[in-house]
Amino acid sequence: MKRKVTKAIFPVAGMGTRFLPATKSIPKEIMTLVDRPLIQYAIDEARAAGIREFIFVTSRGKSALEDYFDDAPELENALRKAGKTAMLEMLKTTNMDSGAIAYVRQNRALGLGHAVWCARRLVGNEPFAVILTDDVIAAEKPCLQQMMEAYAETGGNMVAIMEVPPEKASSYGILDVADDMGAIVRARGMVEKPAPADAPSNLAVIGRYILTPRIMQHLHRLKAGTGGEIQLTDAIAEEIAQGDPVYGFRFRGQRFDCGSKPGFLQATVAFGLARDDLREEFAQYLAHMTAVQKAAE
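Residues numbered from 1 in each chain as written. Predicted model: local features only at pLDDT ≥ 70, side-chain atom pairs only at ≥ 80, totals over all residues. Heavy atoms only, no water.

Asks: When you look at the pairing of strand S10 (residues 184-192) in this model, what are you seeing that I'm missing?
Replies: Of the pairings in the sheet, the one linking strand S9 (residues 173-180) to S10 comprises 7 bridges and is antiparallel in character. By the bridge assignment, Gly173 is partnered in S10 with Glu192. Between the antiparallel neighbours S9 and S10 lie 3 residues, among them Gly182 with a positive phi of about 100°. (Pairing = 2+ DSSP bridges. Helix = DSSP H or I, 4+ residues; strand = E, 2+ residues; numbered from the N terminus.)

Asks: Just to check I follow, could you spell out unusual backbone geometry for this structure?
Replies: Across residues other than glycine, the phi torsion is negative in most instances, and most of the peptide bonds are trans. Residue Pro21 follows Leu20 across a cis peptide bond; omega there is 10°. Unlike most non-glycine residues, Val34 shows phi in positive territory, near 65°. Along the polypeptide, Val34 turns up in the loop between strand S2 (32-33) and strand S3 (36-37). The exposure class of Val34 is partly exposed, given its relative accessible area of 29%. Positive phi, normally seen in glycine, also occurs at Lys193, with a value near 50°. As for its placement among the helices and strands, Lys193 is situated in the loop between S10 and strand S11 (203-211). Assessed through its relative accessible area of 43%, Lys193 is described here as partly exposed. (Buried < 20%, exposed > 50% of the residue type's maximum accessible area, 1.4 Å probe, protein only.)

Asks: Quick question: what am I supposed to make of the environment of Gln106 here?
Replies: Examined against the element boundaries, Gln106 turns out to sit in the loop between strand S5 (101-105) and helix H5 (112-117). According to the relative accessible area criterion, Gln106 is buried, its value standing at 10%. Counting along the chain gives 12 residues from Gln106 to Cys118, while the straight-line C-alpha distance between them is 6.5 Å. Gln106 has contacts with Ala13, Val57, Thr58, Ser59, Gly111, His114, Ala115 and Cys118, leaving out every residue within four places of it along the chain. (Contact = heavy atoms within 4.5 Å.)

Asks: Honestly, the nonpolar core in this entry has me stumped. Any pointers?
Replies: The tendency in soluble globular proteins is for nonpolar side chains to be buried as a group. In this structure, Phe10, Ile39, Ile51, Phe54, Phe56 and Leu144 are the most contacted members of the largest nonpolar core, which totals 41 residues. Mapped onto this core, the elements with two or more residues apiece are strand S1 (7-11), helix H1 (38-48), strand S4 (53-58), strand S6 (128-131), helix H7 (143-154), strand S8 (157-163), S11 and strand S12 (246-250). Setting aside anything within four residues of it in sequence, one finds Ile39 in contact with Phe10, Val12, Glu29, Ile30, Phe56, Leu65, Tyr68, Phe69 and Thr133. The next biggest cluster of nonpolar side chains, apart from the first, holds 32 residues, and it includes Cys118, Val185, Met216 and Val246. (Core = buried A, V, L, I, M, F, W, Y, C linked by side-chain atoms within 4.5 Å.)

Asks: Quick question: what am I supposed to make of the packing of aromatic side chains here?
Replies: Counted by the stated rule, this structure contains 8 aromatic pairs. Judged by centre distance (4.9 Å) and plane angle (80°), the ring pair of Tyr68 and Phe69 falls under edge-to-face. Its relative accessible area of 22% is what places Tyr68 among the partly exposed residues. Phe69 sits in the buried class, given a relative accessible area of 3%. Taken together, the ring pairs connect Phe10, Phe54, Phe56, Tyr68, Phe69 and Tyr103 into an aromatic cluster. Sitting over the ring of Tyr41, Arg36 keeps its end group 4.0 Å from the ring centre. When the ring centre of Trp117 is taken as reference, the NZ or CZ atom of Arg120 above it lies at 3.6 Å. (Phe/Tyr/Trp six-rings, centres within 6.5 Å; stacked < 30°, edge-to-face > 60°. Lys NZ or Arg CZ within 6 Å of the ring centre and 35° of its normal.)

Shown next, in the form of structure tokens:
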């Protein structure tokens, strides 16, 4: 019998060096797409998928994340007195029940696999999800919710996948496909950041996972791999080697790499244009800037 997934790990210990100097004083996960921090998009997606326990793997300098999800009584009282009920309701979505969030420190930057392993005691003997906040996915039905529905049929381990150009393979974990069933593929192996000529497919793993607790055992035994880090991909590959199923899931939606500056800007434009209260004015501005650029050329 497949156990329901109610726990999710959010690895948020990274220093965010690609966004310096902003990340000198604030966690990258607090940076906003329009008016919502990256971490809020991830939490909302997890909630929609039925997650009830949220495990943050943090590091030094991340206290703003803890404050963000805490109550803000002075701000709430000010909004209430001003009659700003819409803002008050919006603020409530950022609050988390006491005990719903747990924080674990990753003392050394040893990679994603090590960050996930740091949460082993809180996961226990239960399947769990992993959400990378850098990957923001615009979808009618949230990506992790789509995966949960597929997982209810397959069990095992599941990773979100998307097609990438061959020259981009070296930036991702790539699936070696045993059986392609459309939305779901069964993997015979995984390769972390292969050279384009060595990539077994064009199906790249992105930042959504549903994993069995056995993954923690594999991570415990692993040594540093690609880039001198403990790779989550290597632990998932070990599951395959031992005969346990690993599936790739082609999600429906658009993924933005908000860990890069171009991806973050693209996401800002896309989410801005999706807002009814911003679309018209923002679209006019973009059209004006495009016309100015063409005239300059």
